[in-house]
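Architecture and fold: a report
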Amino acid sequence: MSQKVAIVGAGITKFVRRAQETGKELAWQASKMALDSCGLSLKDIDSVSLGTAPDAFDGVHMKGEYLSDGSGGWRKPYMRQFVGGGTGVFAPIHGWMHVASGMFDTCLVVCSEKMSTCYPHPQGAFLTIFDHTTEQALDPTLIWIFALEYNRYMETYGLTKRDIAPVSVKNKKNAMDHPSAQLPMDITVDDVLNSELLAWPVNRLDISPASDGAAAIVLAGEHAAKRITDKPVWIDGVGWNLDTAYWATRDLSYPRYVEKAARMAYDMAGIKEPRREIEIAEPYDPFTYKELHHMEGLLLADRGEAPQLLADGVTQRDGDRPMCPSGGALGVGNPISATGLMKVIEIFLQLRGEAEKRQVPGNPTCGLAQAWGDLMQVGTVVVMRR
Amino acid sequence: MGLSERIERNVDLSYFEGKIPVNYVYTYGLGLEKFFNAIKEKGEFLASRCPECGAVYFPCRIFCERCFSEITRTFKVPGTGTVYSYTVCHLDMDGSPKKEPDVVGLIEVDGTEGAKFVHFIDAKPDKVTIGRKVKPVLKAKKDREGGIFDIKGFRQV
Amino acid sequence: MELGKFKLGGTQLKQSDIDRGKVLTLAQTPDLEYAWDDGVAIGRYLEELKNGKIIARKCNKCGRIMIPPRMFCELCWRATDEWVYCKDTGTVNTYSLCHVNWDASRIPEGEPLHLPALIHIDGASPGMGILHVLGEVDPDRIKIGMKVKAVWKKPGEREGSITDIMHFKPLRAARKKSKKKKSGGR
Ligand SMILES: [Zn+2]
Ligand SMILES: [Zn+2]
């Protein structure tokens with residue numbers, strides 16, 4: 001690796017169920033804010049890494065091309081990244097490669113999503129995520145696979161829904177302090193358990209919403225970063241990993257692919273004891289149990305132990321190991337790729353001490369963001385330090 | 001072992017038929033909302049100029065893709081232009097022959113420093129020439145809904 | 001930088017903004033039809049389903065008997081070696097009681113729920129599961145680890161599809177006493 005890479009600026013839109021802006025207008029709003037936040041203009045940007053989820057959501061084939069103008073890709077080296085829900089952390093990993101390799105001094109990383117175009121909802125697009133010949137004929141909904149994984153997770157460790165529901169309470173509450181938030185709420189565990197039952201064990205308040213929104217960050221190499229800001233946040237480790245495409249044959253109780261991605265990132269960042277060194281994390285939380293599942297995959301909790309940490313308040317903003325201080329996908333919203341990048345931005349702001357009411361105490365110096373996706377088989381991780 | 005060695009005739013292959021059952025509702029966005037409302041309400045065509053680098057966009061947009069500046073103002077152009085290029089389409093979307101071929105033009109729009117716009121040209125295929133002046137033909141106001149077909153097409157003048 | 005110091009983009013629309021045409025929108029339904037080739041391994045799998053049998057494929061290097069069958073082993077990264085028939089029984093690895101249809105519409109009160117499950121098939125390697133649905137069972141009595149057996153369509157009605165198995169039903173106990181449950185086919 002020929003140079004260190006820092007995040008020097010960030011931008012984000014509100015996350016909303018249905019935005020008037022087109023995907024490219026959202027991308028521009030977030031990207032422009034990211035440049036403004038660090039006093040750069042588009043001519044200072046050497047390369048662009050775009051992340052965006054399935055084309056079928058926006059109803060635009062070749063979404064990479066479509067979003068290029070709003071992402072600052074005009075006449076620049078421009079590349080689209082895509083690993084389903086894992087995209088939002090995969091796009092900055094690619095941006096990191098662009099800069100760490102020494103090919104570029106700066107990279108604008110943009111993630112934009114307009115899921116509301118699928119009308120009234122994106123279930124038809126989700127249907128074709130399943131194998132066309134062996135699974136689609138069973139009329140699956142996407143919720144099936146999460147319900148099945150959720151159930152297996154509970155069974156393996158003897159957990160109940162009451163052990164898991166507090167994730168929703170915590171994240172939706174945290175989101176009340178996030179200016180982009182779509183579903184900030186002050187609710188109780190009973191509210192979660194009594195919300196509409198979709199596919200047992202998944203209730204309405206266990207699930208993140210479909211959203212429109214965009215996020216962007218500016219990456220810079222070591223020398224450029226120090227010129228641009230006196231508060232760079234360094235990307236010290238990146239990791240990504242994919243499990244078998246035969247999802248029905250995986251061990252659903254433990255995301256080994258997330259562990260592999262985390263170990264790759266920890267090795268790169270020189271992290272030996274993640275539980276001591278990672279002070280704050282944004283694990284991907286499209287469903288309640290996923291935050292816990294991912295904490296375990298990230299080695300931030302023993303297998304089956306994450307619900308206890310949740311119960312003990314360890315993962316609250318003022319706990320020893322805050323998880324999803326932003327409010328996460330459950331609270332801020334889930335415009336697929338933009339969610340992952342929102343998580344990266346949250347760690348960036350937390351490490352700079354600029355998270356306002358969301359700020360965790362103790363001046364954290366090292367944090368992590370993670371996303372998860374494809375057919376629930378990919379883990380993407382970045383480790384950041386100030 | 002070739003994975004497909006048993007298959008000698010394509011028609012013997014078995015397959016599973018399906019669709020991606022989606023419906024879309026696209027919002028026009030902030031830029032095109034202005035553009036199509038101006039056509040619908042006033043029969044006017046709006047372009048925009050970047051206040052920083054001067055790039056001109058037609059239809060109007062809310063940001064400049066070249067320098068990323070915000071663009072808040074629009075200006076009227078007559079909607080007339082010049083045939084920059086064209087093609088004559090004899091086949092329909094599904095590959096079947098059309099009764100009357102369509103002439104699809106790429107029109108360089110007057111007053112926009114070279115911005116181009118795709119639409120139909122209302123002319124016999126052998127009467128279209130590159131470089132000819134064209135003007136837009138709008139639907140009657142009561143029939144306009146705010147969309148690309150509020151413009152019926154362009155006619156050579 | 002603090003997010004609170006910026007005016008964030010993203011203009012929230014209400015459903016009524018669309019319904020009442022307050023903003024311009026364009027509705028479209030793409031007309032895309034597909035014919036997905038079954039391929040070699042799944043082609044044989046479906047042919048055997050038509051015969052009322054479940055077939056897997058074995059890799060002689062790692063010894064795994066894989067279902068759904070595949071012509072290459074993704075672990076050893078080599079061609080698989082032989083066809084192996086499995087039983088039409090298995091074990092529920094996990095399941096859900098689903099109250100919504102594939103299109104997110106709610107199953108009306110009183111109608112049977114969808115009961116998706118991952119079923120580890122007997123005769124395949126441990127952990128080799130397929131997605132299917134359960135039937136002829138009281139939803140409240142489904143248990144992880146429960147033994148189940150395929151319920152096949154009549155031979156003449158089978159068409160070489162995963163739905164030639166209507167559902168899996170419990171081998172014993174937990175059977176539903178009341179009327180038969182409809183399978184989840186479209
Ligand atoms: Zn400009
Ligand atoms: Zn093998």
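1. Remarks on the coordination of the zinc ion (ligand 1)
Residue and element names in this part refer to chain B. Protein coordination of the zinc ion (ligand 1) is provided by Cys50 (SG), Cys53 (SG), Cys64 (SG) and Cys67 (SG), with donor distances spanning 2.2 to 2.3 Å. With four donor atoms in place around the zinc ion (ligand 1) and angles of 99 to 120 degrees between them, the coordination shape is tetrahedral. Sequence spacing of the donors to the zinc ion (ligand 1): C-x2-C-x10-C-x2-C. A relative accessible area of 0% means that Cys64 is categorised as buried.

2. Some thoughts on the pattern of salt bridges
Inspection of every chain in the model, using the stated rule, returns 41 salt bridges over all chains. When the shortest N-O distance is used, the salt bridge between Asp17(C) and Lys22(C) registers 3.6 Å. A residue is classified by how much of its surface remains accessible, and Lys22(C), at 59% relative accessible area, is exposed. The structure contains a network of salt bridges with shared partners spanning Asp58(A), Lys63(A) and Glu113(A).

3. A few points about the coordination of the zinc ion (ligand 2)
Six octahedral donors around a metal ideally make angles of 90 or 180 degrees; four tetrahedral donors ideally make 109.5 degrees. Residues and elements named next belong to chain C. Within the first shell, the zinc ion (ligand 2) binds the protein through Cys59 (SG), Cys62 (SG), Cys73 (SG) and Cys76 (SG), at distances of 2.2 to 2.4 Å. Relative to the metal, the four donor atoms surrounding the zinc ion (ligand 2) lie at angles of 104 to 114 degrees, and the coordination shape comes out tetrahedral. All donor residues of the zinc ion (ligand 2) come from one chain, and their arrangement in sequence is C-x2-C-x10-C-x2-C. You can see Cys59 sitting in the loop between strand 3 (54-58) and strand 4 (65-66) and its partner Cys76 sitting in the loop between strand 5 (72-73) and strand 6 (78-79), a full 17 residues away along the chain.

4. Remarks on helix 11 (residues 256-269) of chain A
Residue and element names in this part refer to chain A. Look at helix 11: 20 Å from first C-alpha to last across 14 residues, which is about the 20 Å you get at 1.5 Å a residue. Regarding helix 11, the residues found buried are Tyr257, Val258, Glu259, Ala261, Ala262, Ala265, Tyr266 and Ala269. Of the surrounding secondary structure, the elements contacted by the buried residues of helix 11 are helix 6 (142-157), strand 8 (233-242), helix 12 (274-277), helix 13 (288-297), strand 10 (366-373) and strand 11 (378-385). At the C-terminal side of helix 11, Gly270 shows a positive phi close to 70 degrees.

5. Focus: the interface of chain B and chain C
Taken residue by residue, the interface counts 26 residues in chain B and 24 residues in chain C. Summed over both sides, the interface of chain B with chain C buries roughly 2,200 Å², with 60% coming from carbon and sulfur. At the junction of chain B with chain C, the criterion picks out two salt bridges. Among the salt bridges present, the one from Lys19(B) reaches Asp31(C), with a minimum N-O distance of 3.8 Å. At the surface where chain B touches chain C, the tally comes to nine residue pairs in polar contact (both at pLDDT 80 or more). When residues of the side of chain B that touches chain C are assigned to their parent elements, the largest contribution, five residues, is made by strand 1 (residues 15-19) of chain B. Here the side of chain B that touches chain C is built from residues that sort into 14 nonpolar, seven polar and five charged. As paired strands, strand 1 of chain B and strand 2 (residues 33-37) of chain C are joined by five bridges and run antiparallel to one another. Pairing of Tyr15(B) across the sheet is with Asp37(C), part of strand 2 of chain C.

Basis of the calculations
Residues numbered from 1 in each chain as written. Chains lettered and ligands numbered in written order. Predicted model: local features only at pLDDT ≥ 70, side-chain atom pairs only at ≥ 80, totals over all residues. Heavy atoms only, no water. Donors = N, O, S within 2.8 Å, 3.2 Å for Na, K, Ca; no water. Tetrahedral: all angles 85-135°; square planar, octahedral: opposite > 155°, others 65-115°. Buried < 20%, exposed > 50% of the residue type's maximum accessible area, 1.4 Å probe, protein only. Salt bridge = Lys/Arg side-chain N within 4 Å of Asp/Glu carboxyl O. Helix = DSSP H or I, 4+ residues; strand = E, 2+ residues; numbered from the N terminus. Expected span 1.5 Å × (residues − 1). Contact = heavy atoms within 4.5 Å. Buried area = accessible area lost by both parts, 1.4 Å probe. Polar contact = N/O pair within 3.5 Å; in protein donor to acceptor, adjacent residues only side chain to side chain. Nonpolar A, V, L, I, M, F, W, Y, C, P; charged D, E, K, R; others polar. Pairing = 2+ DSSP bridges.

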